[in-house]
Amino acid sequence: MEYIFLSGVIILGITDLRNHFIPNKITLPLILLGIGYGIYLGEWKQALLGFAVAFGIGFIGFILRGMGGGDVKLLGAIGAWMGYEAGMKILLIACAIALPWGIYKIARDGRLKEKIQAWKGSLWYLATGGIFGWMKHLASLEKLPEDGTIPKVAVPFGTCMAAGTIIVYCLR
């Protein structure tokens, strides 16, 4: 049964890499199957908690327009299948993959100096204004466009999450 999950995650990672799109026709069944599998194994609380925590964190990223809706649902599916602890490890690994990839894409686009200044501002707001000042500053930074266009420097985060999932699954 886990191979269905892994196959779906790999397909979504490749789809996101190629098209910057994660289709609901795969993520939604993965969520339902993950929760269903958790019920079958008698681990329904872990599956629901994993889904809720992962989806909730992803939803915050979506509200801040740093993640797309497909990323949020994929993260929820990962949480449902793997549990919230593994889901958080996967999220951390995905961020560790996405950060240098994003920096490379920004540098290639000739905007690295500009972005470093914005990141310095984020650290300043965090140091002086605490988490609320930092979040207010983050809201002013560049985000994914609302019209669905994909910027050249966007990193397909679903691909990063797929890689993180494979790493965590193999290290279990």
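Before reading on, note that the structure itself is shown above.
Below, the structure is looked at part by part.

**A word on the overall build of the chain**
The helix and strand tally for the chain stands at six helices and zero strands. Within the chain, buried positions represent 38% of all 172 residues. For the chain, long-range pairs separated by at least 24 residues make up 70% of all intrachain contacts whose partners lie at least 6 apart in sequence. About 10,000 Å² of surface is accessible on the chain, with carbon and sulfur atoms providing 69% of the total.

**Some thoughts on unusual backbone geometry**
A positive phi angle, close to 50°, is found at His20, a residue other than glycine. Looking at the secondary structure, you find His20 in the loop between helix H1 (2–19) and helix H2 (24–40).

**What about H1?**
Here H1 contains 18 residues, and its C-alpha end-to-end distance of 25 Å stays within 8% of the 26 Å for a straight helix at 1.5 Å per residue. By the burial criterion, the buried members of H1 are Phe5, Leu6, Gly8, Val9, Leu12, Gly13, Thr15 and Asp16. On its buried face, H1 is in contact with H2, helix H4 (69–108) and helix H6 (157–171). His20 sits one or two residues past H1 and shows a positive phi near 50°.

**Some words on a nonpolar patch on the surface**
A cluster of nonpolar side chains, namely Leu99, Ile103, Ile116 and Trp119, defines an oily patch on the protein surface of about 340 Å² accessible area. When you line up the elements, Ile103 lands in helix H4.

**Focus on the packing of aromatic side chains**
This model, assessed by the stated rule, comprises six aromatic pairs. Through pairs of rings, three or more aromatic residues link up here, namely Phe5, Tyr37, Tyr40 and Trp81.

**Examining H4**
The end-to-end C-alpha distance of H4 is 27 Å, clearly below the 58 Å that 40 residues give at a rise of 1.5 Å each. At Gly83, H4 is bent by approximately 125°, the largest bend along its length.

**Notes on the state of the cysteines**
Evaluated as defined, the whole model comprises zero disulfides. Of the cysteine sulfurs around Cys95, a residue in no disulfide, the closest is that of Cys160, at 8.4 Å. By relative accessible area, Cys95 is classed as partly exposed at 37%.

**Focus: the layout of surface pockets**
Considering only enclosed or pocket space, the second largest pocket measures out at about 220 Å³ in volume. Among the secondary structure elements, those contributing two or more residues to the lining of the second largest pocket are H1, H2, helix H3 (44–63) and H4. For the lining of the second largest pocket, the class distribution of residues is eight nonpolar, five polar and three charged.

Rules used in this analysis
- Residues numbered from 1 in each chain as written.
- Predicted model: local features only at pLDDT ≥ 70, side-chain atom pairs only at ≥ 80, totals over all residues.
- Heavy atoms only, no water.
- Helix = DSSP H or I, 4+ residues; strand = E, 2+ residues; numbered from the N terminus.
- Buried < 20%, exposed > 50% of the residue type's maximum accessible area, 1.4 Å probe, protein only.
- Contact = heavy atoms within 4.5 Å.
- Areas by Shrake-Rupley, 256 points an atom, 1.4 Å probe, with all protein chains shown as cover.
- Expected span 1.5 Å × (residues − 1).
- Patch = residues over 30% accessible without salt bridge, like charges linked within 9 Å, V, L, I, M, F, W, Y side chains within 5 Å.
- Salt bridge = Lys/Arg side-chain N within 4 Å of Asp/Glu carboxyl O.
- Phe/Tyr/Trp six-rings, centres within 6.5 Å; stacked < 30°, edge-to-face > 60°.
- Bend = angle between axes of the 7 residues up to and from the residue.
- Disulfide = S-S within 2.5 Å.
- 1 Å grid on protein atoms, 1.4 Å probe; cavity = no way out; pocket = protein on both sides within 12 Å on 5 of 7 lines; lining within 4 Å.
- Points joined across faces, edges and corners; volume = space filled by probe spheres on them.
- Nonpolar A, V, L, I, M, F, W, Y, C, P; charged D, E, K, R; others polar.

Any link to function would need more than the numbers given here.
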